[in-house]
Amino acid sequence: MITHTWTSPDGEVVDLSTPSSGLFVTDGGIEGMGDAATIEYVRSSPALDGQRLGGISTGPRDAFWPVAIHAGMTDWKANQERFWRSLIPGEYGLWTVTHDGVSRSLECRYAPDAGKPYTFDPSQRGIEVAGISLIADKPFWRGPLSSKVFQTAADTGTFYAPPGSNFVFTIGSASTVDGATISNPGDTPAWPTLTVYGPAVSFSINVGGSVISATLSLAAGESLVIDTNPTVQVARKWVAGVGTIVPFFNFSSIQFAQIPRGGSVPVDIVLNGAGSVQVAFFPQYRRAF
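All figures in this text were calculated on a predicted structure; none of them were measured in a lab. (Residues numbered from 1 in each chain as written. Predicted model: local features only at pLDDT ≥ 70, side-chain atom pairs only at ≥ 80, totals over all residues. Heavy atoms only, no water.)

Focus: the overall build of the protein chain
Operational definition: Numbering goes from the N terminus for both helices and strands, where a helix is a DSSP run of H or I of at least four residues and a strand is a run of E of at least two. The contact definition used throughout considers only heavy atoms, calling two residues in contact when any of these lie within 4.5 Å. The method behind every accessible area is Shrake-Rupley, applied with a 1.4 Å probe, and residues are considered shielded solely by the protein chains displayed.
When you go through the protein chain residue by residue, the secondary structure sums to 2 helices and 23 strands. Across the protein chain, contacts joining residues at least 24 apart in sequence account for 67% of those joining residues at least 6 apart. Accessible area for the protein chain stands at about 15,800 Å²; split by element, carbon and sulfur atoms hold 55% of it.

Some points on the packing of aromatic side chains
Heads up, the rule is: Each Phe, Tyr or Trp ring (for Trp, its six-membered ring) is paired with any other whose centre lies within 6.5 Å, and the angle between the two planes then decides the class: stacked below 30 degrees, edge-to-face above 60, tilted in between. Relative accessibility decides the category of a residue: with a 1.4 Å probe and only protein chains considered, values under 20% of the type maximum give buried, values over 50% give exposed, and everything between is partly exposed.
Inspection of the entire model under this criterion finds 7 aromatic pairs. Both rings, one in Phe203 and one in Phe251, keep their centres 6.5 Å apart while their planes meet at 80 degrees; by these two values the pair is edge-to-face. Taken together, the residues Phe203 in strand 15 (residues 200-207) and Phe251 in the loop between strand 19 (242-245) and strand 20 (253-254) connect sequence positions 48 residues apart. Relative accessible area serves as the criterion here: at 9%, Phe251 is assigned to the buried category. Relative to Phe256, the ring of Phe248 has its centre 5.5 Å away and its plane inclined at 65 degrees; by these criteria the two rings are edge-to-face. Given the relative accessible area of 25%, Phe248 is considered partly exposed. Judged by its relative accessible area of 25%, Phe256 falls in the partly exposed class. Within the aromatic cluster, the residues linked to one another by ring pairs are Trp6, Trp65, Trp95 and Trp141.

Some thoughts on unusual backbone geometry
Along the chain, Gly198 connects to Pro199 via a cis peptide bond; the corresponding omega equals 5 degrees. By the secondary structure assignment, Pro199 is in the loop between strand 14 (193-197) and strand 15. The phi angle at Asp100 is positive, at roughly 55 degrees, despite the residue not being glycine. On the secondary structure map, Asp100 appears in the loop between strand 8 (92-99) and strand 9 (102-110). Non-glycine residue Ala240 carries a positive phi angle of around 55 degrees. Classification of Ala240 by relative accessible area gives exposed; the value is 79%.

Observations regarding the nonpolar core
Let me state the cut-off plainly: Grouping buried Ala, Val, Leu, Ile, Met, Phe, Trp, Tyr and Cys residues that are joined through side-chain atoms within 4.5 Å yields what is termed a nonpolar core.
Grouped together as the largest cluster of nonpolar side chains are 26 residues, with contacts concentrated most on Val196, Phe203, Ile205, Leu224, Ile226 and Phe251. Contributions of two or more residues to this core are made by strand 13 (174-183), strand 14, strand 15, strand 16 (210-218), strand 17 (223-227), strand 21 (264-272) and strand 22 (276-281). Not counting chain neighbours up to four residues away, the residues in contact with Phe251 comprise Phe203, Ile212, Ser213, Ala214, Leu224, Ile226, Ala235 and Val246. Counting residues in hydrophobic clusters, the runner-up holds 25 residues, among them Trp6, Leu16, Trp65 and Cys108.

Remarks on the sheet that holds strand 17
Quick note on the threshold: Between any two strands, at least two bridges found by DSSP are needed for them to pair. Axis definition: a line fitted to C-alpha atoms, limited for helices to the stretch in contact. Angles are taken between N-to-C directions and run from 0 to 180 degrees.
Overall, antiparallel pairing links the 6 strands, which are arranged 12-22-14-17-18-19 in an open sheet. Two strands bound the open sheet, and with one partner strand each, they are strand 12 (146-151) and strand 19. Adjacent strand axes in the sheet meet at a mean angle of 20 degrees, parallel and antiparallel pairs treated alike. Pairing of strand 17 with strand 18 (residues 234-239) involves 5 bridges; the strand directions are antiparallel. Counterpart to Ile226 in the pairing with strand 18 is Ala235.

The structure is reproduced here in structure tokens:
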């Protein structure tokens, strides 16, 4: 069974799949769960037959919900006020679809239809049927966070492992991780977010051959978050909940690269300190399930 929820711009979660609650999306006419429309860029010439495909992009996604609102377990007035309050023009919410225990979400904004007629008085009948149009400027469905954390070994105070240990040596606070991989199960390439947690004084993170490294002091409880997405591409140092931008000229190497769709890339990390490094991203899918 496929279920739907709507998280409003204010953070309220609205269940859209329980008819007895008095608010639900009906079975027929839901739009936006399949592939989004693509835009093809083609070239033609009077000297050549046919045309040449120069590139392709995915356009914004249109979505539509046929919604029924009735009294349910409270009353029609309370349900319709709650629902319409969750739709704010120009502000983004999350439409989440769950199937077989796996959820994917689409960031949408409400696109109201000012010309919608009321053909009967819903307050008298205690039911309202409405068609809700939404636009997803970012057209791909976002899956659960994919994340790997690489942790340095605890400092035992001795180079040799404790008696009875399966290991001969214990790695200290200067740690190297190689041979690891991170995979992207999504339908599109993914830009990872890299987070270095203190304490640390320097680091080098190699994801698929692209290296980001710096000498930067992080105390315990502090972190450095590097968002590699081209729409953001910023590094912030976080101390006690306050973020400060760290210019990229402070880095010894700053290379950005995507994790290919359906593929894996090697991850090599060198961390001088007792902290950890997280490599994370949200896989993106063309469809809701």
